[in-house]
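Coordinate inspection notes
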Amino acid sequence: GESVGLHLPTLSVQEGDNSIINCAYSNSASDYFIWYKQESGKGPQFIIDIRSNMDKRQGQRVTVLLNKTVKHLSLQIAATQPGDSAVYFCAESANTGGFKTIFGAGTRLFVKA
Amino acid sequence: NAGVTQTPKFQVLKTGQSMTLQCAQDMNHNSMYWYRQDPGMGLRLIYYSASEGTTDKGEVPNGYNVSRLNKREFSLRLESAAPSQTSVYFCASSEVNSPNYEQYFGPGTRLTVT
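Along each chain, numbering runs from 1 in the same order as the chain's sequence is written. Note on labels: chains are lettered from A, ligands numbered from 1, in written order. It should be noted that, the model being predicted, local features are given only for residues of pLDDT at least 70 and side-chain atom pairs only at 80 or more, the latter also being counted only at that level, while totals for whole chains, interfaces and linings use all residues. Side-chain numbers come from the whole structure's heavy atoms, not from hydrogens or water.

Quick notes on the confidence of the model for chain A
What pLDDT expresses is the predictor's confidence in each residue, scored from 0 to 100. Here chain A averages 88 in pLDDT, and 90% of its residues register 70 or above. Here, residues are in contact when the closest pair of their heavy atoms is within 4.5 Å. Counting contacts from residues 1-6 of chain A, a segment whose pLDDT is below 50, to residues more than four positions away or on other chains yields 23 contacts.

Dropping the structure here:
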């Protein structure tokens, strides 16, 4: 989930298990949501996105679920692998006539071999 | 195709010193952005350039200036560095300046101000 402060929430999963990372967003007017993966020492990398007119979108081994009623977003990673270990964060965007994207603080995923 | 490149990778400054962070992209993107990332916090937008020749303030512009040198390059300048500017700085680019377009990020510059 989201975090404020110095410490990121952490999720530890066994290799091969499924991972679910949660995100609560703040703006009910947000109409586009993105999940990013950030490995240590690297820049964020796009994983998957979803528009507000959808509630589910699937990619390769990843699924994003959107619940607009409670302003909640989740990222599911199937058959988690050691290479999935990273910080994952969500971003929300609203088309308000100008650039407005808000990034969450992130969740650190550890994959145990 | 290198994507988004940033220089330097690491920098240590003393309070009051100035420096320029360089960013270049080879994807022919119109829009470029500078963010900072502090421990336990999400990325915060410093400045962005929707297109060549334009720049606009983001969420945390104080203490920074930017230059969109050409379509490829977007630099961030700290005129008088302060310890509060210790952070990791990321440059990003996107095809157009719309929240619906994916941003591509560089590897980051880790800056320490003592």
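Here we look at the pattern of salt bridges
Salt bridge, as applied in this entry: a Lys or Arg side-chain nitrogen positioned within 4 Å of an Asp or Glu carboxyl oxygen. Taken as a whole and assessed by the stated rule, the structure comprises 6 salt bridges over all chains. The closest approach of N and O atoms between A:E39 and A:K42, which form a salt bridge, is 3.9 Å. One continuous salt-bridge network, built from bridges that share partners, spans B:R36, B:D38 and B:R44.

Focus: the sheet that holds strand β3 (residues 19-25) of chain B
Residues and elements named next belong to chain B. Across the sheet, 4 strands lie side by side as β1-β3-β8-β7; this open sheet has antiparallel pairing. Looking at strand neighbours, the two that pair on one side only are β1 (4-7) and β7 (64-68), the edges of this open sheet. Adjacent strand axes in the sheet meet at a mean angle of 20°, parallel and antiparallel pairs treated alike. The criterion for strand pairing is that DSSP finds at least two bridges linking the strands in question. Starting at the N terminus, helices and strands are each numbered in turn, a helix being any DSSP run of H or I of at least four residues and a strand any DSSP run of E of at least two. Here β7 runs beside strand β8 (residues 74-78); their pairing, made up of 5 bridges, is antiparallel. Helix axes use the C-alpha atoms of the stretch in contact, all axes being lines fitted to C-alpha atoms, and the angles between their N-to-C directions lie in the range 0 to 180 degrees.

Examining the packing of aromatic side chains
What characterises a pair of aromatic rings is the spacing of the ring centres plus the angle enclosed by the ring planes. Here the aromatic set is Phe, Tyr and Trp, taking the six-membered ring for Trp, and pairing holds for ring centres within 6.5 Å; pairs whose planes are under 30 degrees apart are stacked, those over 60 apart are edge-to-face, and all others are tilted. Across all of its chains, the model carries 11 aromatic pairs over all chains by this definition. Centre to centre, the rings of A:F103 and B:F105 are 6.2 Å apart; their planes meet at 80°, and the pair counts as edge-to-face. Of this pair, A:F103 sits in strand β9 (residues 101-103) while B:F105 sits in strand β10 (residues 104-105), placing the two residues on different chains. Their ring planes at 65° and their centres at 5.9 Å tell us that B:Y64 and B:Y89 sit as a pair that is edge-to-face. Of this pair, B:Y64 sits in strand β7 while B:Y89 is found in strand β9 (residues 87-94), placing the two residues 25 residues apart along the sequence. Of the two residues, B:Y64 and B:Y89, neither departs from the other in class, the shared state being buried. An aromatic cluster of at least three residues, connected via ring pairs, comprises A:Y36, A:F89, A:F103, B:Y33, B:Y35, B:Y48 and B:F105. For every residue, the accessible area (1.4 Å probe, protein chains only) is compared with the maximum for its type, and the residue is labelled buried under 20%, exposed over 50%, or partly exposed between those bounds.

So, the interface of chain B and chain A
The extent of an interface is frequently quoted as the accessible surface area lost upon association of the parts. Listed per partner, the contact involves 21 residues of chain B and 26 residues of chain A. The junction of chain B with chain A conceals about 1700 Å² of combined surface from both sides, 56% of it contributed by carbon and sulfur atoms. Applying the counting criterion to the chain B and chain A interface returns 0 salt bridges. A 3.5 Å cut-off defines polar contacts: any pair of N or O atoms within that distance qualifies, except that in protein one atom must be a possible hydrogen donor and the other a possible acceptor, and neighbouring residues in sequence count only when both atoms are side-chain atoms. On inspection of chain B and its partner chain A, the count reaches 1 residue pair in polar contact (both at pLDDT 80 or more). Looking at the side of chain B that touches chain A, the elements with two or more residues in it are β4 (31-37) and β5 (44-49) of chain B. Take the side of chain B that touches chain A: its biggest share by element is 3 residues, from β4(B). Classification used: nonpolar for Ala, Val, Leu, Ile, Met, Phe, Trp, Tyr, Cys and Pro, charged for Asp, Glu, Lys and Arg, polar for all others including Gly. By residue class, the composition of the side of chain B that touches chain A is 12 nonpolar, 8 polar and 1 charged. When two parts are brought into contact, each loses some accessible area as probed by a 1.4 Å sphere; the total of that loss over both is the buried area.

What about the side chain of A:E92?
Residues and elements named next belong to chain A. Here E92 lies in strand β8 (residues 86-93). Look at E92: it is buried, it has no salt bridge, and the nearest opposite charge is K71 at 7.7 Å. Within the structure, E92 has its side chain in polar contact with the backbone nitrogen of N27 (distance 3.1 Å). Among the polar contacts listed, one links the side chain of E92 to the side chain of S30, at a separation of 2.6 Å. In this tally, Lys and Arg are treated as positive and Asp and Glu as negative; His is ignored, and so are the chain termini.

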